[in-house]
Amino acid sequence: MTAPFGRAVAVAMYLVAPLVLVLAVLGGIGSFGTISKLAQPWFGAWSWIVPVGIDVGIIALLAWDLLMEFADLAWPVLRWVAWSFIAATVVLNISAARGDLVAAVMHAAMPLLFVTVIEGIRHLIRRWVGLTTNTRRERVPLSRWVLAPLSSWMLWRRMVLWNITEYPCGLELEYVHLRAVSQLKEEHGRWLWRWKAPLSQRVALQLHPARTAFPEELHGVQLPVAERDEALIEAAQKILAEAEHDGVRLSQVDLAARLRSQGHRIANERLRWLATAVGLRANRESV
């Protein structure tokens, strides 16, 4: 958390908290008489405990709700119950105005101000907690939504699914995804890659976000599909080298059969890719 933001929270706490308390007290005093009169037939001389109990309960619920927000353990039921009691007291006070619009507005003014201030404090706490725990997700800029709405929605969706909180990391994830898709399109066709690409490559495409979502856990570790491809190329190189030593020329089908006999898995659609990869590896090693 940055120092300026911490100072802003401290100033808000010491200056706004007493004002909120005063606003709550004034609102309770304003509705005290009305609620007491309505409770008189059932509670008699003890009718004052109804408005006092409701106001104390509302303050307790909202205070506990803000504490839960501060601890990053938000439970919205507390807020909903408090709002329900506030709404009930406002309705009772407005009904006591007997159709007088000015009186109704005056009765509703302080509760609405109180709710607005509490929601502002809650928003500040959420932002504070998000900055300290790195759980607050940065927004996709509005200009990007306007210029590229579909890709912006996909970017936002991946950030939510993989719990990526920083927008630059989301852009990096989008770049990795687009690069992987372009490679699949180049190998298998612009539209047919979704069906012609081997299952391992399609799974790898879904696992790419893990690099961005869990950088520490996956630092220096390749995805399983990449490791399998590397092992497949090395095994094919060994088989072809042995065949060349024995003076045997293997076809792609023969190569696939020997690979499968060694426990490797490869689809027939990838045989051409494997032959090309082995050739490129051999050319690099000979240089």
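So, how was this worked out
- Position labels on residues start from 1 in each chain and follow its written sequence.
- Reporting in this predicted model follows two pLDDT cut-offs: at least 70 for local features of residues, and 80 or more for side-chain atom pairs to be given and counted; totals over whole chains, interfaces and linings ignore these cut-offs and use all residues.
- Based on all heavy atoms of the structure, the side-chain values leave hydrogens and waters out of the count.
- What counts as a helix is a DSSP run of H or I of at least four residues, what counts as a strand is a run of E of at least two, and both are numbered from the N terminus.
- For the exposure calls, accessible area comes from a 1.4 Å probe over protein chains only, and a residue counts as buried if that area is under 20% of its type's maximum, exposed if over 50%, partly exposed in between.
- Any two residues whose heavy atoms approach within 4.5 Å at even a single point are treated as in contact.
- Here the open area of atoms and residues is found with the Shrake-Rupley method and a 1.4 Å probe, where only the protein chains shown may cover a residue.
- Here a salt bridge means any side-chain nitrogen of Lys or Arg lying within 4 Å of a carboxyl oxygen belonging to Asp or Glu.
- Given the number of residues in a helix, its expected span is that number minus one, multiplied by 1.5 Å.
- For this analysis, a nonpolar core means a set of buried residues of the types Ala, Val, Leu, Ile, Met, Phe, Trp, Tyr and Cys, connected via side-chain atoms within 4.5 Å.
- For every element, the axis is a line fit to its C-alpha atoms; helices are fit only across the contacting stretch, and the angle between N-to-C directions ranges from 0 to 180 degrees.
- Angles are sorted into four bins: roughly parallel if under 35 degrees, roughly antiparallel if over 145, roughly perpendicular if 65 to 115, and oblique for all others.
- Should the near helix be turned anticlockwise from the far one by less than a right angle, the crossing is termed left-handed; should it be turned clockwise, right-handed.
- For this scheme, ten residues count as nonpolar: Ala, Val, Leu, Ile, Met, Phe, Trp, Tyr, Cys and Pro. Four count as charged, namely Asp, Glu, Lys and Arg, and the remainder, Gly too, count as polar.

**Details of the overall build of the protein chain**
Thinking step 1. Per the secondary structure count, the protein chain includes 13 helices and zero strands.
Thinking step 2. Start at the N end of the protein chain and walk to the C end: the helices and strands fall as α-α-α-α-α-α-α-α-α-α-α-α-α.
Thinking step 3. With 287 residues in all, the protein chain has 32% of them scored as buried.
Thinking step 4. Looking at the protein chain alone, contacts between residues at least 24 apart form 55% of all its contacts between residues at least 6 apart.
Thinking step 5. If you sum the accessible surface of the protein chain, you get close to 19,000 Å²; carbon and sulfur atoms cover 65% of it.

**What about the pattern of salt bridges?**
Thinking step 1. In total, this model carries six salt bridges according to the counting rule given.
Thinking step 2. A salt bridge links R79 to D65; its shortest N-O distance comes to 3.8 Å. One end of the pair, R79, is in helix α3 (residues 76-96); the other, D65, is in helix α2 (residues 49-70), with 14 residues separating them in the sequence. One exposure class covers both R79 and D65, and it is buried.
Thinking step 3. Between E174 and R158 there is a salt bridge whose closest N-O contact spans 2.6 Å. With E174 in helix α7 (residues 167-188) and R158 in helix α6 (residues 149-161), the pair connects residues that are 16 residues apart, well separated along the chain.

**Overview of α7**
Thinking step 1. When the terminal C-alpha atoms of α7 are compared, their 31 Å separation across 22 residues agrees well with the 32 Å that a helix rising 1.5 Å per residue should span.
Thinking step 2. Listed as buried for α7 are Y167, G170, L173, E174, V176, H177, A180, V181, L184 and H188.

**Here's the deal with the nonpolar core**
Thinking step 1. Of all hydrophobic cores here, the largest spans 16 residues; its most connected members are I58, L62, I86, F114 and I118.
Thinking step 2. For this core, the secondary structure elements donating two or more residues are α1 (3-43), α2, α3 and α4 (101-133).
Thinking step 3. A per-element tally of this core places α4 first, with six residues.
Thinking step 4. If sequence neighbours within four positions are ignored, L62 has contacts with A82, I86, F114, I118 and R122.
Thinking step 5. Counting residues in each nonpolar core, the second largest holds 15 residues, with A235, A236, A243 and A277 among its members.

**A few points about the packing of α6 against α7**
Thinking step 1. The interhelical angle for the contact between α6 and α7, taken along N-to-C directions, is 110°, at an axis separation of 10 Å. Of the possible angle classes, the one that applies to α6 and α7 is roughly perpendicular. Crossing geometry of α6 relative to α7 is assigned as right-handed. Between α6 and α7, the residues in contact are S151, L155, R158 and M159 and Y167, G170, L171, L173, E174 and H177, respectively.
Thinking step 2. Here the residues of the contact of α6 with α7 sort into five nonpolar, three polar and two charged.

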